[in-house]
Amino acid sequence: TAARSQDPAPCTTCGRHFAQDVLLRYEPICKKVSNKKHKPFSSLKERLQGTGIITLKKQPPAKGIVKLEACPLSPYEAFHSKQPGKKSNWRQHHEDFINTIQSTKQVTKALKEGHPLPPLPTPSITPVVPFLQSDYIQRPHCSRRFNEAAAQRDVKFCEEAAARRAFAAKTTGQ
């Protein structure tokens, strides 16, 4: 009955309700804790600690008008942005993919049952093999092929890797 006679009172800092005797102990702690600004925990920083990998902070964008070349798009924005003049042919690629799967099933069935193999499907635009697709861009340094967004991300890495290979060839060749 003594606890019921004490009505809960709100904390002046956070507004939570406590019994009077608890509130006397709680309020100084609440004031001390609420004044501290906690730095958000970064799991990336913790993972990289001790590995020697340097993390760089992203620079805030400059105020004013920014040219598109100076501010590259994120992969999500690059994928979802509509570029004028470039027509998407994903539906045709999808249909080619489905036809390839169906013909593969027919070939597998024919091999199991001993029947002659069915004719190969003819793709409507380009072969389904990704490196033969016409919308892939070949990198000059490494001769690998990427879609447009990945090719833009690969440019600097590809140049640096080519320079490292050339430097290694010079030092081992002498």
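Residues numbered from 1 in each chain as written. Predicted model: local features only at pLDDT ≥ 70, side-chain atom pairs only at ≥ 80, totals over all residues. Heavy atoms only, no water.

S.K.: Break down the nonpolar core for me, citing the residues and quoting the values.
M.R.: In globular proteins that are soluble, nonpolar side chains generally tend to be buried together. Membership of the largest hydrophobic core is limited to 6 residues, which are Ala 9, Cys 11, Phe 18, Leu 23, Tyr 26 and Cys 30. The element that contributes the greatest number of residues to this core is helix α2 (residues 20-35), accounting for 3 residues. For Leu 23, the residues in contact, after removing those within four places along its chain, are Ala 9, Pro 10, Cys 11 and Phe 18. (Core = buried A, V, L, I, M, F, W, Y, C linked by side-chain atoms within 4.5 Å. Buried < 20%, exposed > 50% of the residue type's maximum accessible area, 1.4 Å probe, protein only. Helix = DSSP H or I, 4+ residues; strand = E, 2+ residues; numbered from the N terminus. Contact = heavy atoms within 4.5 Å.)

S.K.: Go over helix α5 (residues 90-113) with me, naming the residues and quoting the values.
M.R.: Between its first and last C-alpha, α5 extends 35 Å over 24 residues, near the 34 Å set by a 1.5 Å rise per residue. Within α5, the full set of buried residues consists of His 93, Asp 96, Ser 103 and Ala 110. Just downstream of α5, Gly 114 is the residue with a positive phi angle, here 80°. (Expected span 1.5 Å × (residues − 1).)

S.K.: Talk me through the UniProt feature "domain: C2HC/C3H-type" (unreviewed entry) in the protein; I want residue IDs and the actual numbers.
M.R.: Per the UniProt entry, the sites bearing "domain: C2HC/C3H-type" (unreviewed entry) are residues 7-36 in this numbering. Span residues 7-36 is 53% helix and 13% strand, its end C-alpha atoms 30 Å apart. (UniProt positions renumbered as here; feature names shortened; annotations may be inferred.)

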